[in-house]
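# Tertiary structure, described
Chain by chain, the residues run as shown.
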Amino acid sequence: MPDEVDELILKMQHLEAQARAQREAKALEARGKSLKSRAQQLAWTAQAQLSAAEAQQRDGEEKLQRARDPALKPIAAADLLEEGRRLTEDARSRVLKARATLNFALDQMDEADRREYQALRAEARAEAHRQIADDPLVKGTAPAPTNPTSIAPPTSPSNSTSTSPPTSTPTPTSSSPSTSTPKPSTARKTLGRRRPKGS
């Protein structure tokens, strides 16, 4: 019973984590799509403004070039020079603003892509928690066995005496002096009474 309770608690924890990851993925995906949509619209507007400002700058530079024509009357040249300077200065300011806006829109699009990537990671976490919760083989830590003999290594079925080295009984060899030749007697042999010389 305690094992089943632990497994149920673990499964509920994974299901809660799955729900949190799914909510996070949906929120990130929604914010990413909204941010990307606004960034794309801003980028298109900035690109159009940049194109118009660059065209105006070219027009102003062209008028400045025409004002330097020596064949042109001084009054007309002065008017062209003033008009060209005004257009050029205004165009330069507009170009700077349009480029800054375009860079900001591109940064926002990068941020939107990053949030979409985070949403994909959150979805992957949610799927992992779901698989862990549904997999019957993936459970919590297995409880330790209560029987200590269950974790003891198996003993060999052979007799213990078979593993001990056999004892050898020393046997007498033919080279042993105690068994091969008898020990000579130390008693002197008596030859009887000695005869006197000359008899």
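For clarity, every value in this text was computed on a predicted model and none was experimentally measured.

What follows covers the overall build of the protein. Within the protein, the secondary structure is distributed over four helices and zero strands. What you see in the protein, going N to C, is helices and strands ordered as α-α-α-α. For the protein, the proportion of its 199 residues judged to be buried stands at 18%. Once local pairs closer than 6 in sequence are excluded, the contacts in the protein between residues at least 24 apart make up 83%. Put simply, the protein shows about 16,300 Å² of open surface, and 55% of that area lies on carbon and sulfur atoms.

Mapped onto the fold, Gln56 is located in helix α1 (residues 2-67). When sequence neighbours within four positions are dropped, the list of residues in contact with Gln56 reads Leu87, Asp90, Ala91 and Arg94.

What follows covers a nonpolar patch on the surface. On the surface, a nonpolar cluster with roughly 260 Å² of combined accessible area is contributed by Leu8, Met12 and Leu15. Mapped onto the elements of the fold, Leu8 is located in helix α1. By relative accessible area, which is 54% here, Leu8 ends up exposed.

Another aspect to go through is the nonpolar core. Counting eight residues, the largest nonpolar core is built from Ala43, Ala46, Leu50, Ala53, Val95, Ala98, Leu102 and Ala105. At the level of secondary structure, the elements contributing two or more residues to this core comprise α1 and α2 (74-134). For Ala98, the contacting residues outside a window of four places in its chain are Ala46, Gln49 and Leu50.

One pass over the full model with this rule turns up nine salt bridges. The salt bridge partner of Glu83 is Arg86, with a shortest N-O separation of 2.5 Å. Separated by three residues within a single helix, Glu83 and Arg86 lie in helix α2, roughly one turn from each other. Owing to a relative accessible area of 26%, Glu83 belongs among the partly exposed residues under this scheme.

Now for the confidence of the model for the protein. Close reading of the predicted structure is inappropriate where its pLDDT is low. Chain-level pLDDT for the protein is 74 on average; 67% of the residues reach the 70-or-more range. Here helix α3 (residues 160-163) is the element of the protein with the lowest mean pLDDT, 43, and α2 is the one with the highest, 89. Taken together, the stretch residues 139-192 has pLDDT below 50 and engages in eight contacts with residues farther than four places along the chain or on a different chain.

With respect to the helices and strands, the residue Ala19 is situated in helix α1. Note on Ala19: relative accessible area 29%, which makes it partly exposed.

Right, let's talk about a negative patch on the surface for a bit. Taken together, the side chains of Asp3, Glu4, Asp6 and Glu7 present a region of like negative charge at the surface. Positionally, Glu4 belongs in helix α1. We classify Glu4 as exposed; its relative accessible area is 52%.

Our focus in this paragraph is the environment of Lys63. With respect to the helices, strands and loops of the structure, Lys63 is situated in helix α1. A C-alpha to C-alpha distance of 9.4 Å links Lys63 and Thr88, two positions 25 residues apart in sequence. Apart from residues lying up to four places away in sequence, Lys63 is in contact with Leu80, Glu83, Gly84 and Leu87.

Conventions and cut-offs
- Residues numbered from 1 in each chain as written.
- Predicted model: local features only at pLDDT ≥ 70, side-chain atom pairs only at ≥ 80, totals over all residues.
- Heavy atoms only, no water.
- Helix = DSSP H or I, 4+ residues; strand = E, 2+ residues; numbered from the N terminus.
- Buried < 20%, exposed > 50% of the residue type's maximum accessible area, 1.4 Å probe, protein only.
- Contact = heavy atoms within 4.5 Å.
- Areas by Shrake-Rupley, 256 points an atom, 1.4 Å probe, with all protein chains shown as cover.
- Patch = residues over 30% accessible without salt bridge, like charges linked within 9 Å, V, L, I, M, F, W, Y side chains within 5 Å.
- Salt bridge = Lys/Arg side-chain N within 4 Å of Asp/Glu carboxyl O.
- Core = buried A, V, L, I, M, F, W, Y, C linked by side-chain atoms within 4.5 Å.
- pLDDT = per-residue confidence, 0-100.
- Lys, Arg positive; Asp, Glu negative; His and termini not counted.
- Charge placed at Lys NZ, Arg CZ, Asp CG, Glu CD.

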